[in-house]
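Structural features, examined
Here's the letter readout for the chains.
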Amino acid sequence: MRSPATRQRQSPVRSDHAPRRPGGRLGRTGFWAVLLTVLLVVSVLYAVTFGPADITAQDAWASIVHHLGLGGSGTGDLTPLRDGIVWQLRFPRVLTAAAVGAGLALSGAIMQAVTRNPLADPYLLGLSSGASLGAVAVILLGATLFVSAAAFLGAVLALLITLVLAGAAGPITPTRTVLAGLAVSSLFAAATSLVIFWTAAGDSYREILSWLLGSLSGADWPAVAIAVGAVLIVGLPLMASARTLDSFAFGDTAAAALGVNVPAARWVILAATALLTGAMVSVSGSIGFVGLILPHAVRLLTGPRHRSLLPLSALAGAVFLIWTDTAARTLFEPRELPVGIITALVGAPVFAIVMMRRKKMS
Amino acid sequence: MTASTLDTAAVDPASSGRLSLTRVLFRRDSALVIDGVSATIEPGTVTALIGPNGAGKTTLLHLIAKTLTAESGSIEYAGTDLLRMPRRRRAAIVALGEQDAFTDLALTVFDVVMLGRTPYRRGFADSDADHFAVVDTALSRLGMTDFADRLYGTLSGGERQRVNFARALAQQPQLLLLDEPTNHLDIRAQLETLALVRDLSESGITVVAALHDLNHAAAYADQVIVLAEGRVLTAGRTVEVLTPELIRGVYSVTADVVRHPRTGRPLIIYDAPASRGGVPDGADPDAAVPDAALTPAR
């Protein structure tokens, strides 16, 4: 039976226990936020100095400072060619990598919460196969200028079909979402394979393969605009859904009992996340593992609450993709690996470790 | 902060209202699950919802919390329509304790209780710190203060149940709906949970709990509502409702209802159904079926 203690309702209940975890956890989140932000800035500035052309860090920074209008003293002894390499190739590429990494990690964290499935990733709703079909089709038609647009349209089409399919049978439950995404993915993947099988020849094979595995080699300023724009316009507002995502922890019914409009919230969050992913896919192909792994890694650092998970995942994703992409373009110079290979090579072992940690924790 | 934070929110019994259900109807896949349920529940009481499996107990709780939507009928609390209320306002009045609340996430006890504050949180600027006092009070009320940093997943069934109660209390509800709160708990945790329910109702919270164990209802409930096939078979004061006739009628089980020697509450003593599970013929009852079949189970 209850001890009499619970009946002392009039007595002060503040225990002498020092204020607990709030301090601890917010402090930890703040620590990681500062650390990752510093790391992100340093990574951007440092990663531009890597590359086949022999460009020193000072040269690279001089070029950036000049173009940003901060220095004003011109590019000094930097030749136009070297200046071009930094400003037209490396810098946009690093920025695109950062934005895509942030967008994918954020999408992954949200997808995992909305579907309550730790294996969910940003491409869950058939996005990558939809984008692939669009991209492959235009590559084969020779219209490589429109790859981004076609990929985005393909992703949106796949998303719409998935949501309609998931919603057709009743409320959009996590299971239904995953199953509908699976069906759409399979269909679009089959269509992509069919198209490649019948028409691809010679160079287009490599181009397609690179796209399917995920690559940032096409990153230019328009790509930066798309990726950064999507993170700012769609990603930042999505972070405001943190509390709603928290309420899904014990399931849809529990969330509804806490005053959350579950079907509407799930629909809006899924659609916004998919648009974010669609924008990412359109500039980089489908880079695997970033959206799956990083949210798990961040959960191990600061716990599963989304108010810290979402921003930290985005920061960690940005740093992670900057460096994996730097490795992809420099490890086997002059050949370039699709960055998706590196993220998978790094991601798979990390994922195994995460799984083992989870097992220990539960 | 003091306990009064919680108590001011947890309704002064005099000003709180009654819960009334009127001809509530709910269909699942065209089958009637709740078939015109009407009931009145007085504020600050414990009401046990009993009935065989599939009678609609869980569904009825979910209809009151509007985690399921009734097809017709009305549910009023203190004279206001609970079903047409904005969801956050409703969530600030009604808390639902589900059966076997489970999460995959590595949430701490504090995180879980903090979820109870969801209906009260406004916008991104709303800080966790604004809610610490209520969360702390809820934790200490359940004796879980020292568990705040523990992972929910590492707790025992009884401890989890306490955390779920604390989460519900953090919602500062006037009406607490519990779906089989003693499920999967050992006997000590069961009794502690039920004592807690009693305790909460004494502080003014109206509790409606779906219960399987009739002796739990007999010992702790002020009122019993008996559901069968989605209808109210009978409802009323516990002593008046829980009779051998009712138990035979609803569960096809023969039972005696005696007075508990110490508490004076009804105590139900079952006869094993003759058709199955009875004392086997020819077996030595003392050896084959120790005590259980011969003396009351509880």
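Below, the structure is looked at part by part. Not measured: the values here are computed from a predicted model.

**Brief notes about the overall build of chain A**
Each helix and strand counted, chain A has 14 helices and 0 strands in total. Within chain A, the proportion of its 362 residues that are buried is 50%. Of the contacts made within chain A by residues no fewer than 6 positions apart, 76% connect residues no fewer than 24 positions apart.

**A look at the environment of B:Met114**
All names here are of chain B. Tracing the backbone through its elements, the reader meets Met114 in helix H4 (residues 109–115). Met114 sits in the buried class, given 25 other C-beta atoms within 10 Å. Sequence separation of Met114 and Val135 is 21 residues, and the distance between their C-alpha atoms is 6.2 Å. In this structure Met114 touches Asp128, His131 and Val135, once residues within four positions along its chain are discounted.

**Focus: the sheet that holds strand E9 (residues 223–228) of chain B**
Residues and elements named next belong to chain B. Taken together, 6 strands build an open sheet; the order of strands is E6-E7-E8-E3-E9-E10 and the sheet is mixed. Both edges of this open sheet fall to strand E6 (94–97) and strand E10 (231–237), since each of them pairs with a single strand only. When the angles between neighbouring strand axes are averaged without regard to direction, this sheet yields 15°. Both E6 and strand E7 (residues 175–179) contribute to a ladder of 4 bridges, which runs parallel. Its bridge partner lying in E7, Val94 is registered against Leu175.

**Notes on the packing of helix H5 (residues 147–168) of chain A against helix H6 (residues 174–199) of chain A**
All names here are of chain A. Closest axis-to-axis distance for the H5/H6 pair is 8 Å, and the angle between their directions is 140°. The pairing of H5 with H6 is recorded here as oblique in orientation. The element H5 and its partner H6 pack so that their crossing is right-handed. Taken together, the residues of H6 that come into contact with H5 (itself represented by Ala158, Ile161, Thr162, Leu165 and Ala166) are Arg176, Thr177, Ala180, Gly181, Ala183, Val184 and Phe188.

Scoring rules and cut-offs
- Residues numbered from 1 in each chain as written.
- Chains lettered and ligands numbered in written order.
- Predicted model: local features only at pLDDT ≥ 70, side-chain atom pairs only at ≥ 80, totals over all residues.
- Helix = DSSP H or I, 4+ residues; strand = E, 2+ residues; numbered from the N terminus.
- Buried ≥ 20, exposed ≤ 12 C-beta atoms within 10 Å, placed from the backbone.
- Contact = placed C-beta atoms within 7 Å.
- Pairing = 2+ DSSP bridges.
- Axes fitted to C-alpha atoms, helices over the stretch in contact; angles between N-to-C directions.
- Parallel < 35°, antiparallel > 145°, perpendicular 65-115°, else oblique.
- Left-handed = near helix turned anticlockwise from the far one by under 90°.

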